[in-house]
Amino acid sequence: MFQDIIPHEFHNEFTEQPPSAGDYLLCFQEERLLATLGEGCLSFPRFGEFSEISVENCRYLFSVDDCHFYWYDAALVEKEGYEYLGPQALRNASPGWQAFAGAVGLHLVRWYRRRRFCGQCGKKMEHHHLERALFCPACGNVEYPSIAPSVIVAVTHGDRLLLTKYAGRPYRRYALVAGYSEIGETVEATVHREVMEEVGLRVKNLRYYKSQPWPFSETLLMGFFAELDGSDEIVLEEKELAEARWFPRKEIPPLDNTVSLTNEMIELFRRGGASLSAIGKKD
């Protein structure tokens, strides 16, 4: 999946250190990230490549192995083969560890930008020096990076899998039932609620599969397999979904990648190579 960058190691421990010439810079114009994508190979600019860069505008984000990544909070002109790329360019770019770094950087930078001013008193926030947080020197409010918990649900009925298509979104391929957890709700309760809300079905025997950080939507995805409980008649929530229907295993269209948790779960069921009863524990 997208976060699987072995043999590279992702390190998000907080630290404060000035950039060196070989460190990477993540510079954004709105949602677009400055990079080079020559011959399909993704790379970000390094600190030493731009003489006009100011250290004061660099904010340490994380490291991959011994490579440090910084957010450059100012504009850089496209030059020397670099251009501003949209987030979608990162999903299938290689090397994967660079693509993942760019996406995680986008998640963090979105949060930094939205928290420039205190939500309680309106004063300008400052960077904390002991942890990854922003604090207000006027009222003491402290803000930490936001992550939205979300579920991905593969609803099965014997040899059939429920596939859906989103309504009103650019993504047109088949997906699984998905949704965000509400305040005061367990992720298991989220599974039951989202399946009922989107397709009008009841489920049982939830089995946790695995999780995935998905920086593009600032979420932590948690995947579950669940069995149909009762009628298989679909009642479509048309504001959320354009389509939902049961696919026999042999009719599920093959996927060209398993970058996302959704695709990996669909492909796992399609191939029938794993017994669902062996996945996780029932709720």
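Preceding this paragraph is the structure being described.
Residues numbered from 1 in each chain as written. Predicted model: local features only at pLDDT ≥ 70, side-chain atom pairs only at ≥ 80, totals over all residues. Heavy atoms only, no water.

Caption draft 1: Looking closely at helix α3 (residues 187-199). When the terminal C-alpha atoms of α3 are compared, their 18 Å separation across 13 residues agrees well with the 18 Å that a helix rising 1.5 Å per residue should span. Along α3, the positions that sit buried rather than exposed are Thr 190, Val 191, Glu 194, Val 195, Glu 198 and Val 199. Projected onto a plane normal to the axis of α3, the buried residues spread over an arc of 120 degrees and lie on a single side. Turning to α3, the residues buried within the fold contact β11 (148-157), β12 (160-166), β13 (177-180), β14 (203-214), β15 (219-228) and β16 (241-248). A positive phi of about 70 degrees marks Gly 200, the residue just after α3. (Helix = DSSP H or I, 4+ residues; strand = E, 2+ residues; numbered from the N terminus. Expected span 1.5 Å × (residues − 1). Buried < 20%, exposed > 50% of the residue type's maximum accessible area, 1.4 Å probe, protein only. Arc of directions from axis to C-beta. Contact = heavy atoms within 4.5 Å.)

Caption draft 2: Spotlight on the sheet that holds strand β1 (residues 10-11). Strand order in the open sheet formed by four strands is β1-β5-β6-β2, and the pairing between neighbours is mixed. What marks the edges here is a single partner per strand, and that holds for β1 and β2 (24-26). Pairing analysis gives two bridges linking β1 to strand β5 (residues 58-64), with the strands arranged antiparallel. Directly across from His 11, in β5, lies its bridge partner Ser 63. Helix α2 (residues 96-114) rests against β1, β2, β5 and β6 (67-72) of the sheet, and its axis sits at about 145 degrees to β5. (Pairing = 2+ DSSP bridges. Axes fitted to C-alpha atoms, helices over the stretch in contact; angles between N-to-C directions.)

Caption draft 3: Structural view of the side chain of Thr 190. Relative to the helices and strands, Thr 190 is located in helix α3. Among the residues examined, Thr 190 registers a relative accessible area of 0% and is labelled buried. Reaching out from Thr 190, the side chain makes a polar contact with the backbone oxygen of Thr 186 at a distance of 3.0 Å. (Polar contact = N/O pair within 3.5 Å; in protein donor to acceptor, adjacent residues only side chain to side chain.)

Caption draft 4: Quick peek at the nonpolar core. By size, the foremost hydrophobic cluster in this structure holds 72 residues, and its most contacted members are Phe 44, Phe 69 and Val 195. When residues in this core are grouped by element, the largest group, eleven residues, is from α2. The contacts of Phe 44, once residues within four sequence positions are left out, are Tyr 24, Leu 25, Leu 26, Leu 33, Leu 34, Ala 35, Glu 49, Phe 69, Tyr 82, Leu 90, Gln 98 and Gly 102. Core analysis: the second largest hydrophobic core is formed by 13 residues, Leu 25, Leu 34, Tyr 72 and Leu 76 among them. (Core = buried A, V, L, I, M, F, W, Y, C linked by side-chain atoms within 4.5 Å.)

Caption draft 5: Fine view of the pairing of β14. Bridge analysis of β14 against β15 gives eight bridges, and the strand direction is antiparallel. When the bridges of β15 are listed, Ser 211 appears paired with Met 222.

Caption draft 6: Main features of the pattern of salt bridges. If you walk through the whole model with that rule in mind, you get 16 salt bridges. Taking the shortest distance from any N to any O, the salt bridge between Arg 110 and Glu 31 comes out at 2.4 Å. With Arg 110 in helix α2 and Glu 31 in the loop between β3 (28-29) and β4 (32-35), this residue pair connects regions lying 79 residues apart in the sequence. With a relative accessible area of 12%, Arg 110 lands in the buried category. Between Glu 185 and Arg 193 there is a salt bridge, with the nearest N and O atoms lying 2.7 Å from each other. It is possible to trace a salt-bridge network through shared partners that takes in Glu 31, Arg 110, Arg 114 and Glu 218. (Salt bridge = Lys/Arg side-chain N within 4 Å of Asp/Glu carboxyl O.)

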